[in-house]
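Notes for the structure review
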Amino acid sequence: MFLAKIGSISNSKRNDEFAIDRGGKMKKKLLNPCTMFMVGLCLGIVSRLLDIYTQNLGEMFSQMAVWILLGTLISIFSETAKKAAFNILPFCFGMLIAYYTVAIISHGVYGKTFIIGWTIFALCSPIMAYVAWMAKQRGIFPKIISVGIVAVSALSSILLFDGFRLYDFVIDGLLIYFLFFKKIKR
């Protein structure tokens, strides 16, 4: 009986190690440019369909704060700052390509100004991802970066989209949690 317990403890340790290893492999499979492009395509389609068929969810995914949250998560969970930059660009372009393709197919209303603005945002995203990745380092500078990310998210809601809504508080709360409290293994 005693040996059976030791064997089960040993097996559970191996299973835990296997689960940890599988989690690392899963993260590598998910956080690569090709997968990020596909995720961007899917979210672009979903975002446009939400714009068409729902009011609140469509509005939420048209705001900058939700994309800042997603970009920050992609960045901080990437293994290196360079990988963060390489992961975010295809994500943003996939989202833009899919969103505006669905807009054209559905004869939706969209403006050149929005296309140009979101394209500039996408082109700047590798630099922002590189900086956002540093937010999970140690020291005062990473904390300043984290405060800056949350501030830009909050200010974009106020200045660009007419103020805070309930989901803005949720999004900014998630940003605060992931930037200041969540431990991330790299």
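Only a predicted model underlies this, so the values are computations on that prediction, with no experimental measurement involved.

Brief notes about the packing of helix H5 (residues 81-105) against helix H6 (residues 112-134)
Running from amino to carboxyl end, H5 crosses H6 at an angle of 160°, the nearest separation of the two axes being 7 Å. When the axes of H5 and H6 are compared, the pair comes out roughly antiparallel. Of the two elements, H5 crosses H6, and the hand of that crossing is right-handed. The segment H5 lies against H6, with Ala-81, Lys-82, Ala-84, Ala-85, Ile-88, Leu-89, Cys-92, Phe-93, Leu-96 and Tyr-100 engaging Phe-114, Ile-115, Trp-118, Thr-119, Ala-122, Leu-123, Ser-125, Pro-126, Ala-129, Tyr-130 and Trp-133. Among the residues forming the contact of H5 with H6, the class breakdown is 18 nonpolar, 2 polar and 1 charged.

A word on a nonpolar patch on the surface
Among the surface-exposed residues, Leu-155, Ile-158, Leu-159, Leu-160, Phe-164 and Phe-169 lie close enough to one another that they form a single nonpolar patch of about 620 Å² accessible area. Per element, the largest residue contribution to the nonpolar patch is 4 residues, and it comes from helix H7 (residues 140-160). Assignment of secondary structure puts Phe-169 in helix H8 (residues 166-181). The class for Phe-169 is exposed, based on a relative accessible area of 53%.

Comments concerning unusual backbone geometry
With a phi close to 55°, His-107 is a non-glycine residue in the positive phi region. Considering the arrangement of structural elements, one finds His-107 in the loop between H5 and H6. For His-107, a relative accessible area of 73% translates into the label exposed.

Description of the confidence of the model for the chain
The predicted coordinates ought not to be read in detail in places where the model reports low pLDDT. Per-residue pLDDT for the chain has a mean of 85; in total, 85% of the residues score no lower than 70. Put simply, helix H1 (residues 2-30) is where the chain has its lowest mean pLDDT, 51, and H5 is where it has its highest, 95. pLDDT under 50 marks residues 1-21. Its contacts with residues more than four places away, or in other chains, come to 0 contacts.

Details of the environment of Trp-67
Relative to the helices and strands, Trp-67 resides in helix H4 (residues 64-77). What makes Trp-67 buried here is its relative accessible area of 6%. Among residues more than four places away in sequence, those in contact with Trp-67 are Leu-43, Ser-47, Phe-61, Phe-91, Met-95 and Trp-118.

So, the nonpolar core
Counting 40 residues, the largest nonpolar core has Trp-67, Phe-91, Trp-118, Ile-149, Ile-171, Leu-175 and Leu-179 as its most contacted members. If you list the elements that add at least two residues to this core, you get helix H2 (33-53), H4, H5, H6, H7 and H8. At 10 residues, the largest contribution of residues to this core is made by H5. Here Ile-171 is in contact with Met-60, Ala-65, Val-66, Leu-69 and Ser-153, once residues within four sequence places are set aside.

Topic: the side chain of Ser-146
Secondary-structure assignment places Ser-146 in helix H7. If we ignore the near neighbours within four places in the chain, the residues touching Ser-146 are Ala-135, Leu-179 and Phe-180.

Cut-off values and rules
Residues numbered from 1 in each chain as written. Predicted model: local features only at pLDDT ≥ 70, side-chain atom pairs only at ≥ 80, totals over all residues. Heavy atoms only, no water. Axes fitted to C-alpha atoms, helices over the stretch in contact; angles between N-to-C directions. Helix = DSSP H or I, 4+ residues; strand = E, 2+ residues; numbered from the N terminus. Parallel < 35°, antiparallel > 145°, perpendicular 65-115°, else oblique. Left-handed = near helix turned anticlockwise from the far one by under 90°. Contact = heavy atoms within 4.5 Å. Nonpolar A, V, L, I, M, F, W, Y, C, P; charged D, E, K, R; others polar. Patch = residues over 30% accessible without salt bridge, like charges linked within 9 Å, V, L, I, M, F, W, Y side chains within 5 Å. Areas by Shrake-Rupley, 256 points an atom, 1.4 Å probe, with all protein chains shown as cover. Salt bridge = Lys/Arg side-chain N within 4 Å of Asp/Glu carboxyl O. Buried < 20%, exposed > 50% of the residue type's maximum accessible area, 1.4 Å probe, protein only. pLDDT = per-residue confidence, 0-100. Core = buried A, V, L, I, M, F, W, Y, C linked by side-chain atoms within 4.5 Å.

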